[in-house]
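Here is how the chains run, residue by residue.
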Amino acid sequence: MPENWCPFDPGSGKVTDNYEVLIYPNDFPAFSMDGAPFSPEPGLCAQTGARGSCDVVIYHPEHGLAPSELSAEHWRKVVDVWARRHGELAAAPDIQFVYIFENTGAAIGVTMPHPHGQIYAFPFVPPLIQRELDSASDYFRDHGACIYCRILRDELAARSRIVTENPEFVAFVPFFARWPGEVQICARRHFANVTELNGGEAPNLAAIIKTVRMKYDALYGFPMPLMMLLRQSPVQGQHPYFHFHIDFYPIQRSATKLKYLAGVESGAGTFLNDTLAEEKARELRETEPRE
Ligand SMILES: [Zn+2]
Ligand SMILES: [Zn+2]
C-alpha cells in the first residue's frame, strides 16, 4: 500500500466523493463476469474459465475506523448493501454461490487498513460450503428437522456457551469450535440467506455484529485479527434444511500468540484447540463491549 494514499478514501479518484457504504470492484479479481464460463475440461489437469465476480464492500468512508467502531446504525447500512448485492448477483445465471466475508488484521495478511469486506460470486459451490450443505441436508433427511434450529435450542437451554443475544439473533461459541473464541451468530428464525432478513432482523443483525466485534476488540485491548464469514444457502435450487448464520474465526489464541494452522490442521484437517468453548464463551460474555 502507498503510504499517503488510499484508493477507498473519498477524493482518491478511485471512488465517489460521497458515500456511506460502497461496492467497489476488486482491483485484483479472481473471478470476472467477462471471463469464459466455468466449465472444467475433462482430464487430470482440468482448466476452466472463471466467470463470476469479486466485490469489495467499503464499510465506511473514514480510513482508520475499526469495524468495531462502526455504529450499529452504520452496520445496518452494510447489512442492507449485502442484501441488495446478494440479490443482484443471485440473478446472474452463471452464479451458484454468493460468499460474503471479511478478513481483517495484518496477522491475517490484510494490507489495507480501511474498513472493508468482500463478496465473491462463485460459478460453483465451494468445497467447504458443499460439505456443510451435505451434512445439514443429511440431518434434515434423517431427523426431519434443521440441525441449526436444534443446536440453537440446546445452546439456549444450556447457556454455558452463549456470548450475547438479542430478540432476533444469538451469538455463542460452538461446542465444536476450532478457533479459540470462535463465535457463531445464529438467527432465531429459520431462513436461509441475507435477502430474507425482515424489518426487525436487519437492525438486530447489525446490533449483534457490533456487539461481537466490540467484545473481540476489547478482549485483548487491540483489534482482533479475524475472518467473518456469512453462511448462506446456494442461490440456485431449494435448500429448506439450511439456516442463516455468521461464523467468526479469530486467529489470536492469547494476547501474544497466534493460532497457526500447522501439520495437524492443514494436513489432516483436525483442529487442535487448547481452550474449552465454555471458558472462551465466559471470557467473551464478561468482556464489556467498549466503543
Ligand atoms: Zn482509506
Ligand atoms: Zn433452522
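Residues numbered from 1 in each chain as written. Chains lettered and ligands numbered in written order. Predicted model: local features only at pLDDT ≥ 70, side-chain atom pairs only at ≥ 80, totals over all residues. Heavy atoms only, no water.

**Examining the overall build of the chain**
Then comes step 1: In terms of regular secondary structure, the chain is built from six helices and nine strands.
Then comes step 2: Against the globule reference of 19 Å for 291 residues, the chain gives a C-alpha radius of gyration of 19 Å, in line with a compact fold.
Then comes step 3: Along the first, second and third principal axes, the C-alpha set of the chain runs to 50 × 50 × 45 Å.
Then comes step 4: Looking at the chain residue by residue over its 291 residues, the buried ones come to 49%.
Then comes step 5: If you sum the accessible surface of the chain, you get close to 13800 Å²; carbon and sulfur atoms cover 53% of it.
Then comes step 6: Seen as two clouds, the 26 positive and the 36 negative side-chain charges of the chain have centres 5 Å apart. (Helix = DSSP H or I, 4+ residues; strand = E, 2+ residues; numbered from the N terminus. Rg over C-alpha atoms; globule rule 2.2 N^0.38 Å. Buried < 20%, exposed > 50% of the residue type's maximum accessible area, 1.4 Å probe, protein only. Areas by Shrake-Rupley, 256 points an atom, 1.4 Å probe, with all protein chains shown as cover. Lys, Arg positive; Asp, Glu negative; His and termini not counted. Charge placed at Lys NZ, Arg CZ, Asp CG, Glu CD.)

**Some details on the coordination of the zinc ion (ligand 1)**
Then comes step 1: Here the zinc ion (ligand 1) is held by Cys 6 (SG), Asp 9 (OD), His 63 (ND1) and His 114 (ND1), and the distances to it run 2.0 to 2.3 Å.
Then comes step 2: Coordination at the zinc ion (ligand 1) comes from four donor atoms whose angles at the metal span 95 to 116 degrees, giving a geometry best classed as tetrahedral.
Then comes step 3: Read N to C, the donor residues that coordinate the zinc ion (ligand 1) are spaced as C-x2-D-x53-H-x50-H. With His 63 in the loop between strand E2 (53-58) and helix H1 (72-90) and His 114 in the loop between strand E3 (97-104) and strand E4 (116-122), the pair connects residues that are 51 residues apart, well separated along the chain. (Donors = N, O, S within 2.8 Å, 3.2 Å for Na, K, Ca; no water. Tetrahedral: all angles 85-135°; square planar, octahedral: opposite > 155°, others 65-115°.)

**Concerning empty space enclosed by the protein**
Then comes step 1: Taken as a whole, this structure holds one cavity of 30 Å³ or more when the rule is applied.
Then comes step 2: Estimates place the volume of the largest cavity at around 30 Å³.
Then comes step 3: Lining the largest cavity we find Ile 129, Glu 132, Leu 133, Arg 231, Gln 232 and Phe 242.
Then comes step 4: In terms of residue class, the lining of the largest cavity is built from three nonpolar, one polar and two charged. (1 Å grid on protein atoms, 1.4 Å probe; cavity = no way out; pocket = protein on both sides within 12 Å on 5 of 7 lines; lining within 4 Å. Points joined across faces, edges and corners; volume = space filled by probe spheres on them. Nonpolar A, V, L, I, M, F, W, Y, C, P; charged D, E, K, R; others polar.)

**Concerning the layout of surface pockets**
Then comes step 1: Approximately 830 Å³ is the volume found for the largest pocket.
Then comes step 2: If you list the elements that add at least two residues to the lining of the largest pocket, you get helix H2 (127-143), helix H3 (147-158), strand E8 (226-231), strand E9 (245-250) and helix H5 (263-268).
Then comes step 3: Tallying contributions element by element places H2 first for the lining of the largest pocket, with seven residues.
Then comes step 4: Considering only enclosed or pocket space, the second largest pocket measures out at about 300 Å³ in volume.
Then comes step 5: Taken together, 20 residues line the second largest pocket, and the ones lying closest to its centre are Pro 67, Thr 104, Gly 105, Met 112 and Pro 113.
Then comes step 6: Contributions of two or more residues to the lining of the second largest pocket are made by E3 and helix H4 (201-219).

As far as function goes, none of this settles anything; it's purely spatial.
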